[in-house]
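The primary structure of each chain is shown beneath.
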Amino acid sequence: MNTTPIVAAAVLIAASGFALHMAQAQLSGTRRIDLQRHDLSAPGREVIQARVEIDPGVTAPRHWHPGEEIIYVLEGSLEYQLDGKPPVTLKAGDVLFVPAGAIHSAKNVGSGPGAELATYVVEKGKPLVVTAE
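In this text the structure is predicted, and so the values were computed from the model without any measurement.

Draft legend 1. Up close: the sheet that holds strand β2 (residues 45–54). Strand order in this open sheet of 5 strands is β1-β2-β9-β4-β7, and the pairing throughout is antiparallel. In the strand order of this sheet, the two ends are held by β1 (30–39) and β7 (95–98), each with one partner. Within this sheet the neighbouring strands show an average axis-to-axis angle of 20 degrees, counted without direction.

Quick look at the structure:
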């Protein structure tokens, strides 16, 4: 009996679990609370709205989305860095548009909690957040 396919499957499952654990570890100090998700009239697109919270001093890892992100800062002081652009610091009530595929990160530069309302208009069925290398 050839056990190679079984061993290969076991290795893939273990590696997937490790990758998920590492992704969760990288996001320590950040939380995304999904509020709503709906199909759009544009074929293959959906909208996802989430509250994203970032603890003081924490930087969310560099990442991108398979669509646009519209940010409304709810509280705190958040610094956004989009690749190729100077960083911008926003406070409650400020907004930011992140183009599809733009690599970016966010850091809570305030002394208290930071939170944003993130609205994503993305390709349906794709991962919402892709960590950049």
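Draft legend 2. Quick peek at the pairing of strand β4 (residues 67–75). As paired strands, β4 and strand β9 (residues 114–123) are joined by 8 bridges and run antiparallel to one another. By the bridge assignment, glutamate 69 is partnered in β9 with tyrosine 120. Note: β4 against β7, 4 bridges, orientation antiparallel. Note on β7: the bridge partner recorded for tyrosine 72 is valine 95.

Draft legend 3. Examining the environment of histidine 63 more closely. With respect to the helices and strands, histidine 63 occurs in strand β3 (residues 63–64). Considered as a pair, histidine 63 and valine 129 are 66 residues apart in the sequence and their alpha carbons are 6.5 Å apart. Among all residues touching histidine 63, those that are not within four sequence positions of it are Ala102, Ile103, His104, Ser105, Val129, Val130, Thr131 and Ala132.

Draft legend 4. Main features of the nonpolar core. In terms of nonpolar packing, the biggest core is built from 19 residues, with Ile54, Ile71, Val73, Tyr80, Leu96, Val98 and Tyr120 touching the most fellow members. Put simply, the parts of the chain that give this core at least two residues each are β2, β4, β5 (77–82), β7 and β9. With 4 residues, the top contributor of residues to this core is β2. Not counting residues within four places of it along the chain, the set of residues in contact with valine 73 comprises Leu78, Tyr80, Leu90, Lys91, Ala92, Gly93, Asp94, Ala115 and Glu116.

Rules used throughout
- Residues numbered from 1 in each chain as written.
- Predicted model: local features only at pLDDT ≥ 70, side-chain atom pairs only at ≥ 80, totals over all residues.
- Heavy atoms only, no water.
- Pairing = 2+ DSSP bridges.
- Helix = DSSP H or I, 4+ residues; strand = E, 2+ residues; numbered from the N terminus.
- Axes fitted to C-alpha atoms, helices over the stretch in contact; angles between N-to-C directions.
- Contact = heavy atoms within 4.5 Å.
- Core = buried A, V, L, I, M, F, W, Y, C linked by side-chain atoms within 4.5 Å.
- Buried < 20%, exposed > 50% of the residue type's maximum accessible area, 1.4 Å probe, protein only.

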